[in-house]
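Coordinates in review
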Amino acid sequence: MEITYLYNEIQKWLDSFPKFKGDETLNVKEEEIIAVGGEFLDKMKDNYPFHHPLYAGQMLKPPHEVAIMAYLGTMLLNPNNHALDGGPATAKMEKEVVSDFAKLFGFNEYLGHLTTSGTIANFEALLIARELAPNKVVAFSEQAHYTHSRVCHWLQVPFVEIPSNNFGKMDISSLEKELQKNNIGTVIVTLATTSLGALDDLKEILHLQKNYNFRIHIDAAYGGYFKIISQYREQLQVFDLISKADSIAFDPHKQGLQPYGCGCILFNNPAVGKFYKHNSPYTYFTSDELHLGEISIECSRAGASAAALWFTNKLFPLKSDFGIGQILTKTIDATEDFARKINNSYFSLYLQPETNIVTYFPKFKSASEISKASENILKEGILQNELWVATLKVKSEHFQVNHPELIVDKKWVTILRSCLMKPEHKDWVNDIIDGLNNLTAPQKI
Ligand SMILES: Cc1ncc(COP(=O)(O)O)c(C=O)c1O
């Protein structure tokens with residue numbers, strides 16, 4: 001199927017309107033396009049092959065072709081999901097997908113919409129947290145995404161960073177000590193962390209909520225989709241408790257096969273809509289129905305983004321044993337397989353992975369040797385155009401608890417990190433480990 005299928009069909013619909021001649025100021029000669037195209041394509045080669053299974057580094061993967069198809073077709077019209085006046089069809093699609101996600105997370109009553117990113121989704125959650133608990137402190141783990149401290153600065157909300165335990169999860173007794181000060185309004189629970197893919201202990205945090213009065217926001221920008229397969233892995237059962245939280249941010253542009261520009265925020269209490277209240281003298285005329293701009297801090301938003309997600313979710317439903325669920329299961333299988341095999345190489349596993357991020361390090365003895373070798377592997381893989389991994393800095397004191405043999409000659413250890421987010425990674429685990437060994441062998445461990 002041609003990727004331009006929907007584009008061509010939508011073009012036919014556009015052509016059904018009275019013909020008009022495009023203005024001459026918009027004309028571009030084909031040879032000019034080709035000339036600039038050459039320059040553009042040269043520039044684009046300064047990239048890494050994010051689409052390939054040998055790219056096993058950061059949270060990057062290309063969107064599915066069906067998402068591109070719908071995005072491309074919708075872009076011909078470029079609807080704006082701010083108001084029904086700007087994008088009636090795609091606003092309906094947005095409402096439909098948001099309702100499906102609310103069902104998935106068990107939010108019976110909800111208010112939510114797509115955002116351009118996880119950052120904006122979390123921003124909205126913290127904005128509402130501030131309005132509901134003015135002057136109260138927001139607590140999150142030191143492993144939480146850096147976006148939370150930035151957003152708290154912007155919103156002028158006080159915050160406290162809770163130490164993490166040796167598994168990269170928020171330390172529950174440290175959280176309780178903070179709660180005893182009686183000033184925490186919201187606790188942010190990360191499912192899963194950007195660094196280790198670790199899952200904060202939502203069950204324990206809900207226990208604490210019985211004794212202390214605070215709201216819970218879930219940052220599941222990376223991991224939200226794992227709710228779909230929570231029954232298949234014991235460690236994922238924590239996702240079944242999300243229905244008890246006040247809000248959740250998650251990113252279809254991470255695990256959901258979407259191009260960038262697709263995050264989502266959901267609140268389990270529609271009444272928070274009052275904090276978004278504003279009037280627009282320009283829009284909101286064509287219908288009394290809810291315009292998504294009325295419950296969003298962003299104004300213009302790409303209708304194409306909602307269209308791509310709607311189309312993808314129809315073809316890859318949010319089901320556990322087919323559609324998206326099948327893809328996620330393969331990525332977890334790949335990660336677990338990698339974790340089983342990596343110790344029989346020049347590398348050791350750092351921590352047992354909980355999701356589809358795995359961390360490991362070259363078998364050196366000291367923090368400085370491990371760091372140097374890890375940085376070399378990252379650079380050499382790129383230089384030799386063979387393997388793309390990522391690095392992660394871990395506190396030596398945490399590292400040593402998990403690997404007591406470490407000689408601590410530095411405060412931090414740089415180790416290696418791979419997000420195995422593509423289903424194809426399942427068949428490429430051996431190749432990735434072979435690639436790592438080839439890059440390490442010359443260093444004569
Ligand atoms: C846990 C978590 N929160 C928030 C973000 C920020 O999301 P975005 O990059 O979509 O703004 C990320 C991105 O990696 C993340 O992993």
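Note that this is a predicted model, so its numbers are computed, not measured. Within each chain, residues carry numbers counting from 1 in the order of the written sequence. Selection of residues for local features in this predicted model requires a pLDDT of at least 70, selection of side-chain atom pairs for listing and counting requires 80 or more, and totals for whole chains, interfaces and linings are taken over all residues.

Moving on, we get to the pairing of strand S2 (residues 137–141). By the criterion of burial, S2 is predominantly enclosed, with 4 of the 5 residues buried. We treat two strands as partners when DSSP finds at least two bridges between them. Only DSSP runs of H or I with at least four residues qualify as helices, and only runs of E with at least two residues qualify as strands; both kinds are numbered from the N terminus onward. Alignment of S2 against strand S4 (residues 184–190), held across 4 bridges, turns out to be parallel. Across the sheet, residue alanine 139 finds its bridge partner in S4, namely valine 187. Of the strand pairs in this sheet, S2 and strand S3 (residues 159–162) are connected by 4 bridges, and their pairing is parallel. A residue is called partly exposed when the number of other C-beta atoms within 10 Å of its own lies between 12 and 20, exposed at 12 or fewer, and buried at 20 or more, with C-beta atoms placed from the backbone.

It is worth spelling out the sheet that holds S4 at this point. Strands pair in a sheet through their backbones, by hydrogen bonds, and they do so in one of two ways: parallel or antiparallel. Overall, mixed pairing links the 7 strands, which are arranged S1-S7-S6-S5-S4-S2-S3 in an open sheet. Both outer strands of the open sheet, strand S1 (111–115) and S3, are each paired with one neighbouring strand and no more. On average, each strand axis in the sheet is inclined to that of its neighbour by 15°, with strand direction left out of account. Bridge analysis of strand S5 (residues 215–220) against strand S6 (residues 247–250) gives 4 bridges, and the strand direction is parallel. Bridge assignment links alanine 220 to a residue of S6, and that residue is phenylalanine 250. Here an angle of 0 to 180 degrees is reported between the N-to-C directions of two axes, which are lines fitted to C-alpha atoms, with helices fitted over the stretch in contact.

This part covers the domain arrangement of the protein. Start and end positions for the domains come from either an automated domain assignment or a database one. Parsing the protein into structural domains produces domain 1 (74–315) and domain 2 (324–443). For domain 1 and domain 2, the distance between their C-alpha centroids amounts to 30 Å. Here the contact rule is simple: place C-beta atoms from the backbone, and any two residues whose C-beta atoms are within 7 Å are in contact. The partner domain 2 presents 17 residues to the 19 residues of domain 1 that form the contact. Within the side of domain 1 that touches domain 2, the residues separate by chemical class into 10 nonpolar, 8 polar and 1 charged. Residues are grouped as follows: Ala, Val, Leu, Ile, Met, Phe, Trp, Tyr, Cys and Pro are nonpolar; Asp, Glu, Lys and Arg are charged; every other residue, Gly included, is polar.

It is worth spelling out the site of the ligand at this point. In this analysis a residue is considered near a molecule or strand if the C-beta atom, reconstructed from its backbone, is found within 6 Å of that molecule or strand. Taken together, 14 residues are adjacent to the ligand, and Ser117, Gly118, Thr119, His145 and Ala221 come closest. No other element matches the 3 residues that helix H5 (residues 118–132) contributes to the shell around the ligand. For the shell around the ligand, the per-class residue count stands at 3 nonpolar, 9 polar and 2 charged.

Let us now look at the sheet that holds strand S9 (residues 357–362). Spatially, S8-S9-S11-S10 is the arrangement adopted by the 4 strands of the open sheet, whose pairing is antiparallel. Looking at which strands have only one partner, the edges of the open sheet turn out to be strand S8 (347–351) and strand S10 (390–395). Taking the axes of each pair of neighbouring strands and ignoring which way they run, one obtains an average angle of 45° across the sheet. Inspection of the sheet shows S8 paired to S9 by 4 bridges, in the antiparallel sense. Considered in S9, the bridge of phenylalanine 347 is made with proline 362. The strands touched by helix H12 (residues 367–383) within the sheet are S9, S10 and strand S11 (412–419), with S11 carrying the most contacts at an inclination of about 35°.

This part takes up unusual backbone geometry. Backbone torsion omega between leucine 191 and alanine 192 reads 10°, so that peptide bond is classified as cis. On the secondary structure map, alanine 192 appears in the loop between S4 and helix H8 (202–209). Even without glycine at this site, asparagine 135 takes up a positive phi of about 70°. Here asparagine 135 falls in the exposed class, since 9 other C-beta atoms lie within 10 Å of it. Positive phi, normally seen in glycine, also occurs at leucine 257, with a value near 65°. Inspection of the secondary structure assignment puts leucine 257 in the loop between helix H9 (252–255) and strand S7 (263–267).

It is at 8 Å that the axes of helix H4 (residues 88–105) and helix H10 (residues 303–315) come closest, and there the two elements cross at 50°. Here H4 lies oblique to H10, going by the angle between them. The two elements H4 and H10 cross, and the hand of that crossing is left-handed. Contacts between H4 and H10 involve Thr90, Met93, Glu94, Glu96, Val97 and Asp100 on the former and, on the latter, Gly303, Ala306, Ala307, Leu309, Trp310 and Asn313. A class-by-class count of the residues in the contact of H4 with H10 yields 6 nonpolar, 3 polar and 3 charged. In what follows, roughly perpendicular refers to angles from 65 to 115 degrees, roughly parallel to angles under 35, roughly antiparallel to angles over 145, and oblique to any angle outside these ranges. If you view the pair so one helix is near and one far, a crossing is left-handed when the near helix is turned anticlockwise from the far one by less than a right angle, and right-handed when it is turned clockwise.

Looking now at the nonpolar core. A set of buried residues drawn from Ala, Val, Leu, Ile, Met, Phe, Trp, Tyr and Cys, joined through C-beta atoms within 7 Å, is what defines a nonpolar core. Grouped together as the largest cluster of nonpolar side chains are 124 residues, with contacts concentrated most on Ala70, Val187, Leu191, Ile248, Leu266, Ala307 and Ile415. Among the domains, domain 1 (74–315) and domain 2 (324–443) are the pair contributing at least three residues each to this core. In contact with alanine 70, other than residues within four places in its own chain, are Leu6, Ala307, Ala308 and Phe311.

Time to look at the packing of helix H1 (residues 5–15) against helix H3 (residues 65–75). With their axes 7 Å apart at the nearest point, H1 and H3 run at an angle of 25° to one another. Taken together, the axes of H1 and H3 are roughly parallel relative to one another. Read as a crossing pair, H1 and H3 show a hand that is right-handed. Taken together, the residues of H3 that come into contact with H1 (itself represented by Tyr5, Leu6, Tyr7, Glu9 and Ile10) are Met69, Ala70, Leu72 and Gly73. Within the contact of H1 with H3, the residues separate by chemical class into 7 nonpolar, 1 polar and 1 charged.

On to H10. Given a helix with a known number of residues, its expected span is that number minus one, times 1.5 Å. With 13 residues, H10 ought to run about 18 Å at 1.5 Å a step, and its terminal C-alpha atoms sit 19 Å apart, in line with that. By the criterion of burial, H10 is predominantly enclosed, with 11 of the 13 residues buried. Taken as a whole, H10 has its buried residues at Gly303, Ala304, Ser305, Ala306, Ala307, Ala308, Leu309, Trp310, Phe311, Thr312 and Asn313. Close packing links the buried residues of H10 with H3, H4, S1 and H9.

Here we come to the pairing of S1. Within S1, 5 of the 5 residues are buried, which leaves the element mostly enclosed by the surrounding structure. Where S1 meets S7, 5 bridges bridge the pair, whose relative direction is antiparallel. Pairing of histidine 113 across the sheet is with isoleucine 265, part of S7.

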